[in-house]
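Results of the structural survey
Take a look at the letters that make up each chain.
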Amino acid sequence: MKNEEKLQKIIAAYTPLDYSRIDLKKVIKDNYIAAEFKLNFCDDICITWRNINSTQLRNDMFVKLKKGEDIIKIVKYIAE
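Residues numbered from 1 in each chain as written. Predicted model: local features only at pLDDT ≥ 70, side-chain atom pairs only at ≥ 80, totals over all residues. Heavy atoms only, no water.

Quick look at the packing of aromatic side chains now. Tallying each qualifying case throughout the model produces two aromatic pairs. Look at Tyr14 and Phe37: their rings are 6.2 Å apart centre to centre, the planes differ by 50°, and that puts the pair in the tilted class. Of this pair, Tyr14 sits in the loop between helix H1 (3-12) and helix H2 (38-48) while Phe37 sits in the loop between H1 and H2, and the two are 23 residues apart along the sequence. What makes Tyr14 partly exposed here is its relative accessible area of 23%. (Phe/Tyr/Trp six-rings, centres within 6.5 Å; stacked < 30°, edge-to-face > 60°. Helix = DSSP H or I, 4+ residues; strand = E, 2+ residues; numbered from the N terminus. Buried < 20%, exposed > 50% of the residue type's maximum accessible area, 1.4 Å probe, protein only.)

Structural data, given as structure tokens:
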């Protein structure tokens, strides 16, 4: 399973949408995930990709990391 699909499935857990309908080019906050679920979302990402700096992820989520494609860039960087 590709990283993009994994992230789509994580995001879909917070919405009634099927994962295939999650557009990683859209802003995540308020389109897919409410701000109050930010920490849960970060936890799900850290469980999936264990090499991510969890503290940095929590600090950057919805600030620097606004879109799914922003998260994928980090995932690809740590996976290489």
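Moving on to the packing of H1 against H2. Running from amino to carboxyl end, H1 crosses H2 at an angle of 145°, the nearest separation of the two axes being 10 Å. The interaxial crossing formed by H1 with H2 has right-handed handedness. The residues of H2 that touch H1, namely those facing Lys6, Leu7, Ile10 and Ile11, are Phe41, Asp44, Ile45 and Thr48. Each residue belonging to the contact of H1 with H2 can be placed in one class, and the counts come to five nonpolar, one polar and two charged. (Axes fitted to C-alpha atoms, helices over the stretch in contact; angles between N-to-C directions. Left-handed = near helix turned anticlockwise from the far one by under 90°. Contact = heavy atoms within 4.5 Å. Nonpolar A, V, L, I, M, F, W, Y, C, P; charged D, E, K, R; others polar.)

Going through the model one piece at a time under the given rule, you end up with three salt bridges. Here Lys76 and Glu4 are joined by a salt bridge, their closest N and O atoms 3.2 Å apart. Of this pair, Lys76 sits in helix H4 (residues 68-79) while Glu4 sits in helix H1; the two residues are 72 residues apart in sequence, bridging distant segments of the chain. Put simply, Lys9 and Glu5 hold a salt bridge, and the shortest N to O gap is 3.6 Å. Of the two residues, Lys9 and Glu5 are both situated in helix H1; the distance of four residues between them amounts to about one turn of the helix. Residue class for Glu5 comes out partly exposed when judged on its relative accessible area of 25%. (Salt bridge = Lys/Arg side-chain N within 4 Å of Asp/Glu carboxyl O.)

None of the figures reported here should be taken as evidence of function without further support.
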